[in-house]
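Here are the chains, one letter per residue:
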Amino acid sequence: MTQRKTRVAVVFGGRSSEHEVSCQSAKSVLPHLDPDRFEVVPVGITPQGQWALGMDPNALEAGAGNLPTLRNRTDVVAIEPGQALKDVDVVFPLLHGAWGEDGTIQGLLELGGLPYVGPGVFASAAAMDKIFAKKILQAEGLPVGRFVALDRAATTLTLDEREHLGLPVFVKPSRAGSSVGISKISDWADLDAAIFEARQHDPKVIIEAAVPNVREIECAVLEFPDGHVEASLPAELRPVAEGVEWYDFNAKYVDDSYEADIPAKLDDDITAKLREMAVTAFRALDCQGLSRVDFFLTEDDELIINELNTMPGFTPISMYPKAWEATGIDFGTLLTTLIETAIARGAGLR
Ligand SMILES: Nc1ncnc2c1ncn2[C@@H]1O[C@H](COP(=O)(O)OP(=O)(O)O)[C@@H](O)[C@H]1O
Ligand SMILES: [Mg+2]
C-alpha cells in the first residue's frame, strides 16, 4: 500500500511591498520540494489580497526588478482562504513582510488548526517590528545598536535624540523588509523627508545610528522535528562595487554590487560566538521552525544583532538556503526538515 503524500500549500505573493520577492521565493522552492513525499498546492495572494489557486509561480510574468509577480493578472478567480487551504496537511506561508511574515497569516492558520512552517503569531509579529524586536533582544542582554523609536504622533527627533544618535543615521519603517522605505542620511536637514518616506510604508518609524565600516553577517537558524535548534555557518555580504554604501533593494535583487562569502571569513571565536548568539536571539523572540538572524560586526569586532527575519528569502541567491548548503544541508533536505518540523509541532498552543 502506498501512503498518501503530504499535501503542502505553498502560499506566496501577498499584499506587502515584498510581493515579487515572495513570488521569486516560491518559484525556487517549488521545484525543490521532494515529489515522492509532497503534493504541492500553490496558493497565490495578489497585491490586492485576493487568494487564488492554479497560479504556477514558475509561469508568472516578470514585473518590477524583473521579478515574477501576480500584480497585473486579470484572470484571478478569488476564493476564500479556507477554500484555498481545504484538505491540506501543512502550510508553507512563503510570504515576506506585512500581512504574511508578521503573524497575520499565522493567526489565520492557528484559527483553522493547520500546522505551518515557521514561527508562530507572537514571534512573527515581534520580529517583523524592528522596534519591538530590539526591545526584546535588549531585555535578553543581547547587543543591539543605538536607536530611537519615533512615536506615531512624533514628526521629528528632539535635539537630545539627535545628540544621542549622531550622524549618519538610518531611517526605517519599523515593519518592512527588503530595504524598502529606508534612507541613510548624513545631514539633519534630510531627516523630515526620510521620515516621510519611511511613513509611506509604516506609521511606526525607527531611527538608528549608522554603524561605521560595518560588516554584515547572516546566520540561518533551523529547528529540527525533534525540537533541537541549530545555527548554520555564518555568511557575509560584502559590497564590491565602487561607492556602494549599504545593502539596498537594488543590491539585494537587481544589481551585482554585493557578493556573498559563504561561509564568512571570520575568526573561529567570532564564528562560535555568533552562532550561539543566533540561537539565543531565536529563543528570545520565541521563534520556531526557522529564522535568519542578521548581525553587524563593528570595526572593533563587536557583534550587534540587526534583525531577525522569520521568513527569509528563498530565492536562488538567498542566504538562508545557501548558508545551510554550506553547512551540509541541501535545499531539498532543508525544505523537508522545515515541513516535518511544522507537522511534528502540530497546531495549537505549544
Ligand atoms: N544601523 C545601521 N548601520 C549600518 N548599516 C545599516 C544600519 N541599519 C541598516 N543598515 C543597512 O541597511 C540594510 C537594510 O536594513 P535592515 O534593517 O536590515 O532592513 P530590512 O528589514 O529592509 O532588511 C542593512 O542590510 C545594512 O546594509
Ligand atoms: Mg535586513
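Residues numbered from 1 in each chain as written. Chains lettered and ligands numbered in written order. Predicted model: local features only at pLDDT ≥ 70, side-chain atom pairs only at ≥ 80, totals over all residues. Heavy atoms only, no water.

- You'll find the protein chain entered in an unreviewed UniProt entry as D-alanine--D-alanine ligase, with Lentzea flava given as the organism.
- According to UniProt, the comment filed for the protein chain under the heading Subcellular location (unreviewed entry) is "Cytoplasm". (UniProt positions renumbered as here; feature names shortened; annotations may be inferred.)

### Side note on the overall build of the protein chain
Next, step 1: Of regular secondary structure, the protein chain possesses 11 helices and 14 strands.
Next, step 2: In terms of C-alpha radius of gyration, the protein chain reaches 20 Å, essentially the compact-globule figure of 20 Å for 350 residues.
Next, step 3: Across its three principal axes, the protein chain shows a C-alpha extent of roughly 70 × 45 × 40 Å.
Next, step 4: The 350 residues of the protein chain split such that 55% are buried.
Next, step 5: Residue pairs at least 24 apart in sequence account for 68% of intrachain contacts in the protein chain once pairs closer than 6 positions are excluded.
Next, step 6: Carbon and sulfur atoms make up 49% of the accessible area of the protein chain, which amounts to about 15600 Å² in all.
Next, step 7: When the 31 basic and 53 acidic side-chain charges of the protein chain are each reduced to a single mean position, those positions are 4 Å apart. (Helix = DSSP H or I, 4+ residues; strand = E, 2+ residues; numbered from the N terminus. Rg over C-alpha atoms; globule rule 2.2 N^0.38 Å. Buried < 20%, exposed > 50% of the residue type's maximum accessible area, 1.4 Å probe, protein only. Contact = heavy atoms within 4.5 Å. Areas by Shrake-Rupley, 256 points an atom, 1.4 Å probe, with all protein chains shown as cover. Lys, Arg positive; Asp, Glu negative; His and termini not counted. Charge placed at Lys NZ, Arg CZ, Asp CG, Glu CD.)

### Topic: the packing of helix α4 (residues 121–128) against helix α5 (residues 130–139)
Next, step 1: Packing of α4 against α5 leaves a shortest axis separation of 5 Å and a crossing angle of 105°. In terms of axis orientation, α4 runs roughly perpendicular to α5. Only Lys130, Phe132, Ala133 and Ile136 of α5 make contact with α4, whose side of the interface consists of Phe122, Ala126, Ala127 and Met128.
Next, step 2: Of the residues that constitute the contact of α4 with α5, the class distribution is 7 nonpolar, no polar and 1 charged. (Axes fitted to C-alpha atoms, helices over the stretch in contact; angles between N-to-C directions. Parallel < 35°, antiparallel > 145°, perpendicular 65-115°, else oblique. Nonpolar A, V, L, I, M, F, W, Y, C, P; charged D, E, K, R; others polar.)

### Concerning the site of ligand 1
Next, step 1: If you check the shell around ligand 1, you find 19 residues, and the closest are Lys130, Lys172, Ser179, Val211 and Glu216.
Next, step 2: In this structure, Lys172 approaches ligand 1 through a side-chain N or O atom, which is 2.6 Å from an oxygen atom.
Next, step 3: Within the side chain of Asn306, a nitrogen or oxygen atom sits 2.9 Å from an oxygen atom of ligand 1.
Next, step 4: Among the elements of the structure, β6 (169–173), β8 (205–209) and β14 (303–309) are those that each provide at least two residues to the shell around ligand 1.
Next, step 5: Across the shell around ligand 1, the residue classes tally to 9 nonpolar, 4 polar and 6 charged.
Next, step 6: Shared between two domains, the shell around ligand 1 takes at least three residues from each, and those domains are domain 2 (127–143 + 212–328) and domain 3 (147–209). (Near = heavy atom within 4 Å. Polar contact = N/O pair within 3.5 Å; in protein donor to acceptor, adjacent residues only side chain to side chain. Domains from an automatic or database assignment.)

### Side note on the environment of Pro316
Next, step 1: With respect to the helices, strands and loops of the structure, Pro316 is situated in the loop between β14 and α10 (319–327).
Next, step 2: C-alpha separation for the pair Pro316 and Phe331, spaced 15 residues apart in sequence, amounts to 9.8 Å.

### A closer look at the side chain of Asp202
Next, step 1: Among the secondary structure elements, Asp202 is positioned in the loop between α7 (191–199) and β8.
Next, step 2: Polar contacts involving the side chain of Asp202 include one to the side chain of Arg175, which spans 2.6 Å.
Next, step 3: Among the polar contacts listed, one links the side chain of Asp202 to the backbone nitrogen of Lys204, at a separation of 2.9 Å.
Next, step 4: Those residues in contact with Asp202 that sit more than four places away from it in its chain are Pro173, Ser174 and Arg175.

### Description of the pattern of salt bridges
Oppositely charged side chains can pair when the atoms bearing their charge come close.
Next, step 1: Applying the stated criterion across every chain yields a total of 18 salt bridges.
Next, step 2: For Arg238, the salt bridge identified is with Glu259, shortest N-O distance 3.7 Å. Pair noted here: Arg238 is in strand β11 (residues 235–239) and Glu259 is in strand β12 (residues 258–261), with a separation of 21 residues, a long-range link.
Next, step 3: Residue classification places Glu259 among the partly exposed residues on the basis of a relative accessible area of 42%.
Next, step 4: Between Asp261 and Arg238 there is a salt bridge, and its shortest N-O distance comes to 2.9 Å. Pair noted here: Asp261 is in strand β12 and Arg238 is in strand β11, with a separation of 23 residues, a long-range link.
Next, step 5: For Arg238, a relative accessible area of 28% corresponds to the partly exposed category.
Next, step 6: Through salt bridges with shared partners, a single network forms among Arg238, Glu259, Asp261 and Lys265. (Salt bridge = Lys/Arg side-chain N within 4 Å of Asp/Glu carboxyl O.)

### Points about helix α3 (residues 104–112)
Next, step 1: Within α3, burial applies to Ile105, Gln106, Gly107 and Leu109.
Next, step 2: The inward-facing, buried residues of α3 abut β1 (6–13), β3 (51–53), β4 (90–93) and α4.

### Focus on the domain arrangement of the protein chain
Next, step 1: Along its sequence, the protein chain is organised into domain 1 (6–116), domain 2 (127–143 + 212–328) and domain 3 (147–209).
Next, step 2: On a C-alpha basis, the centres of domain 2 and domain 3 stand 22 Å from each other.
Next, step 3: Contacts between the two partners involve 16 residues from domain 2 and, on the opposite side, 17 residues from domain 3.
Next, step 4: Roughly 1400 Å² is buried in total at the junction of domain 2 and domain 3, and carbon and sulfur atoms are behind 60% of that figure.
Next, step 5: Three residues, Lys130, Ile131 and Trp246, lead the burial of domain 2 against domain 3; their summed loss comes to 43% of the area buried on that side.
Next, step 6: Summed over the shared surface of domain 2 and domain 3, the number is 3 salt bridges.
Next, step 7: Notably, a salt bridge pairs Asp129 with Lys204, separated by 2.5 Å at the nearest N-O pair.
Next, step 8: For the interface between domain 2 and domain 3, the tally reads 9 residue pairs in polar contact (both at pLDDT 80 or more). (Buried area = accessible area lost by both parts, 1.4 Å probe.)

### Digging into the environment of Ala342
Next, step 1: Considering the arrangement of structural elements, one finds Ala342 in helix α11 (residues 331–345).
Next, step 2: The sequence separation of Ala342 and Gly13 amounts to 329 residues, and the corresponding C-alpha distance is 21 Å.
Next, step 3: Each residue touching Ala342, except ones within four places of it in the same chain, is listed here: Val90, Pro115, Tyr116 and Val117.

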